[in-house]
Amino acid sequence: MVGVGDIDTLIAAGSLDVASSLLSAPTDFGLDEVRVLPPVARPGKILCVGVNYPERNEEYKDGSTAPAYPSLFVRFASSLVADGQSIVRPRESSELDYEGELAVVIGRTGRRIPPEAAWDHLFGVTIANDGTLRDWVRHGKFNVTQGKNFDCSGSIGPWVSTLDEFPTRTWQITTRVNGDVRQDDSTARMIFPIPALVAYISAFCTLEPGDLILTGTPSGAGGRLTPPRYLEPGDEIAVGISGVGTLRNRVIAEPQIEEP
Ligand code: MG
């Protein structure tokens, strides 16, 4: 297939025509016959935006107005499972929480990308659950790395939708837990819109094909409810994004170590 063996190569080559040519080809398997993998196999960087919706800022109850700059942190690919795979509540915490988010996939290399050129650097969008161990994000004074990077604590997928499908460039995010709507908001309400995020992030690092930006979660995460409602083994989280699809995962508990 003209040298495109995987999604990373396809994104880097900008070979959308190759993907399009496959649309009319006969399929070997149905979607229910395969195990879906993360939509980008080896993202070089996964950057995540904290507090990017108005009520989400208010949920922090710290009296702060909208921030001047985005809050950023990073995740490792090992912290994100694919659609249909289990999210693991680790032994170390009972405060596993969901965060439904739109994720953008970089398609073209760029440094210091101006906001007006940002969309040209994107390959497409996908769905993320920025799963979080709430007590572990508060361990350090200035960082949230631990609570955002437990193995298999979040998810991404099921696929990447290319931008040509979305002329308005706005999406509705709806997160359900066991069918109950917990989050429902439009990306049009982001404090830092996608072009501003791409410009800000690329001011300090080169964005490359396959890099991911998780653009922040609306209000309604379980940890901000009164009382907090954390995820339990067996719970199903479904993050839906309009025009893209739904990312579904169930929670399992990591087995406890047997006492000798
Ligand atoms: Mg988040």
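A. Just the coordination of the magnesium ion, in detail. Protein ligation of the magnesium ion involves Glu-99 (OE), Glu-101 (OE) and Asp-130 (OD), the donor distances falling in the range 1.9 to 2.1 Å. Along the chain, the residues that donate to the magnesium ion are spaced as E-x1-E-x28-D. You can see Glu-99 sitting in the loop between β5 (96–97) and β6 (100–106) and its partner Asp-130 sitting in the loop between β7 (122–129) and β8 (132–133), a full 31 residues away along the chain. Here Asp-130 falls in the buried class, since its relative accessible area comes to 1%.

B. Representation of the pattern of salt bridges within the structure. Per the counting criterion, the structure on display carries 14 salt bridges. One salt bridge connects Asp-211 with Lys-45, and the closest N-O pair in it is separated by 3.0 Å. Separated by 166 residues along the polypeptide, Asp-211 in the loop between α4 (194–204) and β12 (212–214) and Lys-45 in the loop between α2 (16–22) and β1 (46–50) bring together distant segments of the chain. Accessibility expressed as a relative area gives 1% for Asp-211, which makes it buried. Here Lys-45 falls in the partly exposed class, since its relative accessible area comes to 22%. Put simply, Glu-55 and Arg-189 hold a salt bridge, and the shortest N to O gap is 3.0 Å. Remark: Arg-189 occurs in the loop between β11 (180–186) and α4 and Glu-55 occurs in helix α3 (residues 54–59); sequence separation between them is 134 residues. Its relative accessible area of 31% is what places Glu-55 among the partly exposed residues. Take Arg-189: its relative accessible area is 32%, and that puts it in the partly exposed class. Taken together, the shared-partner salt bridges in this structure form one network comprising Arg-75, Asp-97, Glu-99, Asp-130, Arg-134 and Lys-148.

C. How the structure looks around the packing of aromatic side chains. In this structure the tally under the stated criterion is 5 aromatic pairs. Taken together, a centroid distance of 6.4 Å and an interplanar angle of 40° make the contact between Trp-119 and Trp-171 tilted. Pair noted here: Trp-119 is in the loop between β6 and β7 and Trp-171 is in the loop between β9 (154–162) and β10 (172–177), with a separation of 52 residues, a long-range link. Comparing Trp-119 with Trp-171 shows no difference in burial state: the two are buried. Residues Tyr-200 and Phe-204 carry aromatic rings whose centres are separated by 6.3 Å and whose planes lie at 80° to one another, so their mutual orientation is edge-to-face.

D. Examining the sheet that holds β11 more closely. With respect to topology, 5 strands assemble into an open sheet ordered β4-β14-β13-β10-β11, the strand pairing being mixed. Edge positions in the sheet fall to β4 (87–89) and β11, since each of these pairs with one other strand and no more. Taken pair by pair, the neighbouring strands of this sheet meet at an average axis angle of 20°, ignoring direction. With 6 bridges connecting them, β10 and β11 associate as antiparallel partners. The partner of Arg-176 across the bridge, within β11, is Val-181.

Calculation rules
- Residues numbered from 1 in each chain as written.
- Predicted model: local features only at pLDDT ≥ 70, side-chain atom pairs only at ≥ 80, totals over all residues.
- Heavy atoms only, no water.
- Donors = N, O, S within 2.8 Å, 3.2 Å for Na, K, Ca; no water.
- Helix = DSSP H or I, 4+ residues; strand = E, 2+ residues; numbered from the N terminus.
- Buried < 20%, exposed > 50% of the residue type's maximum accessible area, 1.4 Å probe, protein only.
- Salt bridge = Lys/Arg side-chain N within 4 Å of Asp/Glu carboxyl O.
- Phe/Tyr/Trp six-rings, centres within 6.5 Å; stacked < 30°, edge-to-face > 60°.
- Pairing = 2+ DSSP bridges.
- Axes fitted to C-alpha atoms, helices over the stretch in contact; angles between N-to-C directions.

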